[in-house]
Amino acid sequence: MQASQQSDWIKKWRQMRLDYQLYVLVMLPVAWVVLFQYFPMYGLQLAFKDFKIMEGITGSPWTGIDHFIKFFHSHQFWTVLKNTIFISMYELLAGFPLPIILALALNATLRTRMKLTVQFVTYMPYFISTVVMVGMILQFLNPRIGIVNMLLGLVGLDAVNFMGEPGWFKHVYVWSGIWQTTGWGTIIYLAALAGVNPDLHEAATIDGANRLQRIRYVDLPGIMPTIVTLLILNSGNIMSIGFEKIFLMQNPLNIGSSEIITTYVYAVSLASSSPDYSYATAIGLFNSLINLILIMSVNQIAKKTGDTSLW
Amino acid sequence: MKDTKVRLTRSDKTFYWVNDLFLIVAFLLVLYPLVYIISASLSDRVAVISGKVFLWPVDFSLEGYVAVFKDPRIMIGYGNTLFYTAAGTLINVVLTILAAYPLSRKTMVGRNVIMYIFAFTMLFHGGLIPNYLLIKNLGMIDTRWAMLLPAALSIWNVIIARTFYQTTISQELYEAAAMDGCSHFRFMWSIVLPLSKAITAVMVLFYGVFHWNSYFNAFLYLKSPDLFPLQIVLRDILVQNEIDPAIVTDAQQMQVKQGLAELLKYSIIIVASLPIWLVYPFVQKHFVKGVMIGSIKG
């Protein structure tokens, strides 16, 4: 026992010496990860401290969980939590099925040229930057000169100030996102659909199944593992919704329905005239922890109920 | 597939008809906003502001584009973005390959530990403030480094590249080379890189688009206008509505001024997105390939 363990270590050591160049290669990336990913995690201790610029992160005095309690009791807590969860869930429920439907339709069509053209055009919006995307939204929805209100006027409806009315915010955010990403989202499903065994289609056809039935009983089960994996991935990310886009879409009129946890972190720290770095760190940590717990538990559930999981 | 085309049943005929109609609707819904922006940018400012543009340019004019090239902020931003994209992508690709190749070698002792250390950062990170303080303590605020180093590596791309190496470069190939006295350095340089041009291209594209489009690091870390990338200038113009008064000086009436400002917005959207859209048709298949490799569990 002892001896075999020892020889195991010796074997590993020999292999490491043989492969020393691999470690030399990976050194720089590891250094980057330590400095730019793990060092900020060390900085998370700020959440339990009262940050004094002169004392630095390590020297500042401990305050325990005061910042968390302050956040839970603040009048903003429920607003930002509700907005975060609501916008995320809406995005997931409305946005998740569409790429699947589009991919099934693309896969089914007999017109190859049309398939390629639709793919080409629907992928394009994915490459529009967030800033340009929000700029487009603002132009299109402008109450006076925007094309959407012009079209509403043509059919006799009153102009709507979409960006100024809190009730519209989530719809504008979610549906502009759907416009931008649905086409790109089909790629992964199209790859899965290409892997569906053609014999199954042939057998189904012989048994008298029409194309719609083959989608239901051949295509859909064929891509089910992909669907489940992506659903896990997406539901684990509920707390980390697009900060950058929401931030650009915010204005004083819609802030009540557009302030989410991560934008609130920015608002009380770097954007504030009396910045509270510790408080902001605590709120951010709260968000990341929920996110971590979510993705781990969703993965556990998936592991228990089926054979699909992320790790 | 061919014989289904020859004799379609009645229900299948209906299905294909509805299916194709659905695809056409989806196609038009995505296309229309893009066409509208191009048309608006090529229209006369009066037509834009009075809502005459619906599909095609009305009273064709290039005034908006002339205004874009008159704004010095836009030109400086364009130059800066070119630099950040080129330098940033170079750093990204080098670091990604340096990480992905060793981690793709199954004999490497401890590779799972390193992989775990890398992958954990995708699930959990320090967040806004600790990151900001780090950049500040490193003295990188308001320097070009703040645009290059914090985003120097994407773990997701490391995983994609590693999956690619694992599936295309076999252990036997390395062993054969090692038998002839080939070191890892040499093997990587003269065998892995030439054999994996496809994945390198994918990396260049993914990182390149990321740098071209990103604004948030610049927004957080940069203060001097002469360092601003294009996206920050775009934000000022499109979102904050800050139009350079010099561009609209020759326009006297308020309405004309506003018309030009709106026209400028459409034109700048096109100018900023054009480089990517020009390259896109030629590289679409590489992007798709990248997404598909990413979907294989490594």
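An unreviewed UniProt entry lists chain B under the name Carbohydrate ABC transporter permease, with Paenibacillus sabuli as the source organism. According to its UniProt record, chain B has this under Subcellular location (unreviewed entry): "Cell membrane".

Chain A is annotated in an unreviewed UniProt entry as Sugar ABC transporter permease of Paenibacillus sabuli. Its UniProt record gives chain A a comment under Sequence similarities (unreviewed entry), which states: "Belongs to the binding-protein-dependent transport system permease family."

Asks: An account of the overall build of chain B is needed here, citing residue identities and associated values.
Replies: Broken down by element type, chain B carries 15 helices and 0 strands. For chain B, whose C-alpha radius of gyration is 25 Å, the value lies well above the compact-globule estimate of 19 Å for 298 residues. Projected onto the principal axes, the alpha-carbon positions of chain B cover approximately 80 × 70 × 35 Å. Looking at the 298 residues of chain B, the share that counts as buried comes to 56%. In chain B, the share of contacts with a sequence separation of at least 24, taken over all contacts with a separation of at least 6, comes to 74%.

Asks: Could you give an account of the confidence of the model for chain A, with specific residues and numbers?
Replies: Per-residue confidence for chain A gives a mean pLDDT of 88; residues scoring 70 or more make up 97%. Predicted confidence in chain A is weakest over helix α3 (residues 56-59) of chain A, with a mean pLDDT of 81, and strongest over helix α6 (residues 97-108) of chain A, with 95.

Asks: I'd like a description of the interface of chain B and chain A, backed by residues and values.
Replies: Across the boundary between the two partners, chain B contributes 93 residues, which contact 93 residues of chain A. Linking chain B with chain A are 1 salt bridge. Between D20 of chain B and R111 of chain A there is a salt bridge; the shortest N-O distance is 2.7 Å. Joining chain B to chain A, the criterion identifies 20 residue pairs in polar contact (both at pLDDT 80 or more). It is helix α2 (residues 10-41) of chain B that contributes the most residues to the side of chain B that touches chain A, 19 residues altogether.

Asks: So what about helix α12 (residues 197-213) of chain B? Which residues, and what values?
Replies: All names here are of chain B. Compared with the 24 Å implied by 1.5 Å per residue over 17 residues, the 24 Å span of α12 between its first and last C-alpha is a close match. For α12, the buried fraction is high: 12 of the 17 residues fall into the buried class. Burial in α12 covers these residues: I199, T200, V202, M203, L205, F206, Y207, G208, V209, H211, W212 and N213.

Asks: With reference to specific residues and values, describe the layout of surface pockets.
Replies: Within this model, the second largest pocket holds a volume of roughly 900 Å³. Lining the second largest pocket are 30 residues; nearest its centre among them are W175, S176 and W179 of chain A together with L29 and P33 of chain B. Contributions of two or more residues to the lining of the second largest pocket are made by α6, α8 (130-141), α9 (147-154) and α10 (169-194) of chain A together with α2 of chain B. Considering only residue class, the lining of the second largest pocket consists of 25 nonpolar, 5 polar and no charged.

Asks: How would you summarise the UniProt feature "transmembrane region" (unreviewed entry) in chain A if you had to cite specific residues and measurements?
Replies: All names here are of chain A. Summarizing the sequence annotation, UniProt attributes the feature "transmembrane region" (unreviewed entry) to residues 20-39, 85-108, 120-141, 172-196, 217-243 and 277-295 in the numbering used throughout. With 96% helix and 0% strand, residues 85-108 has end C-alpha atoms that lie 35 Å from one another. Across residues 277-295, the secondary structure splits into 100% helix and 0% strand, with the terminal C-alpha atoms separated by 27 Å.

Asks: How would you sum up the UniProt feature "transmembrane region" (unreviewed entry) in chain B? Please name residues and give values.
Replies: All names here are of chain B. Residues annotated in UniProt with the feature "transmembrane region" (unreviewed entry) correspond here to residues 21-42, 82-101, 113-133, 145-165, 186-210 and 263-283. Within the segment residues 145-165, helix and strand shares are 71% and 0% respectively, and the terminal C-alpha atoms sit 30 Å apart. Secondary structure over residues 263-283 splits into 100% helix and 0% strand, and the C-alpha atoms at its two ends are 31 Å apart.

Asks: Tell me about the packing of helix α12 (residues 211-236) of chain A against α2 of chain B, and please be specific about residues and values.
Replies: Their axes nearest at 8 Å, the elements α12 of chain A and α2 of chain B cross at an angle of 75°. Considering their axes alone, α12 of chain A and α2 of chain B lie roughly perpendicular with respect to each other. When α12 of chain A is examined against α2 of chain B, the residues R211, L212, R214 and I215 of chain A are found in contact with a partner set consisting of D12, F15 and Y16 of chain B. Grouping the constituent residues of the contact of α12 of chain A with α2 of chain B by class yields 4 nonpolar, no polar and 3 charged.

Asks: An account of the environment of V204 of chain B is requested, with residue identities and associated values reported.
Replies: Residue and element names in this part refer to chain B. When you line up the elements, V204 lands in helix α12. Considered as a pair, V204 and V93 are 111 residues apart in the sequence and their alpha carbons are 6.6 Å apart. Apart from residues lying up to four places away in sequence, V204 is in contact with T89 and V93.

Asks: So what about the nonpolar core? Which residues, and what values?
Replies: Counting residues in each nonpolar core, the largest one holds 194 residues, and the members touching the most others are Y189 of chain A together with Y101, Y165 and I199 of chain B. There are two domains that each give this core at least three residues, and those are domain 1 (1-35) and domain 2 (70-305) of chain A. Apart from residues no more than four positions distant in its own chain, Y165 of chain B is found in contact with I97, A100, Y101, S104, V192, S196 and I199 of chain B.

Asks: Can you explain the side chain of Q119 of chain A? Please cite residues and give values.
Replies: Looking at where Q119 of chain A falls in the secondary structure, it is placed in helix α7 (residues 112-123). Residue class for Q119 of chain A comes out buried when judged on its relative accessible area of 11%. A polar contact is formed between the side chain of Q119 of chain A and the side chain of Y123 of chain A, at a distance of 2.9 Å. For Q119 of chain A, the residues in contact, after removing those within four places along its chain, are L106 and L190 of chain A together with Y280 and Q284 of chain B.

Asks: For the pattern of salt bridges, give the residues involved together with the corresponding values.
Replies: One pass over the structure, following the stated rule, counts 8 salt bridges over all chains. Between R235 of chain B and D236 of chain B there is a salt bridge, and its shortest N-O distance comes to 4.0 Å.

Each value, and the rule that gives it
Residues numbered from 1 in each chain as written. Chains lettered and ligands numbered in written order. Predicted model: local features only at pLDDT ≥ 70, side-chain atom pairs only at ≥ 80, totals over all residues. Heavy atoms only, no water. UniProt positions renumbered as here; feature names shortened; annotations may be inferred. Helix = DSSP H or I, 4+ residues; strand = E, 2+ residues; numbered from the N terminus. Rg over C-alpha atoms; globule rule 2.2 N^0.38 Å. Buried < 20%, exposed > 50% of the residue type's maximum accessible area, 1.4 Å probe, protein only. Contact = heavy atoms within 4.5 Å. pLDDT = per-residue confidence, 0-100. Salt bridge = Lys/Arg side-chain N within 4 Å of Asp/Glu carboxyl O. Polar contact = N/O pair within 3.5 Å; in protein donor to acceptor, adjacent residues only side chain to side chain. Expected span 1.5 Å × (residues − 1). 1 Å grid on protein atoms, 1.4 Å probe; cavity = no way out; pocket = protein on both sides within 12 Å on 5 of 7 lines; lining within 4 Å. Points joined across faces, edges and corners; volume = space filled by probe spheres on them. Nonpolar A, V, L, I, M, F, W, Y, C, P; charged D, E, K, R; others polar. Axes fitted to C-alpha atoms, helices over the stretch in contact; angles between N-to-C directions. Parallel < 35°, antiparallel > 145°, perpendicular 65-115°, else oblique. Core = buried A, V, L, I, M, F, W, Y, C linked by side-chain atoms within 4.5 Å. Domains from an automatic or database assignment.

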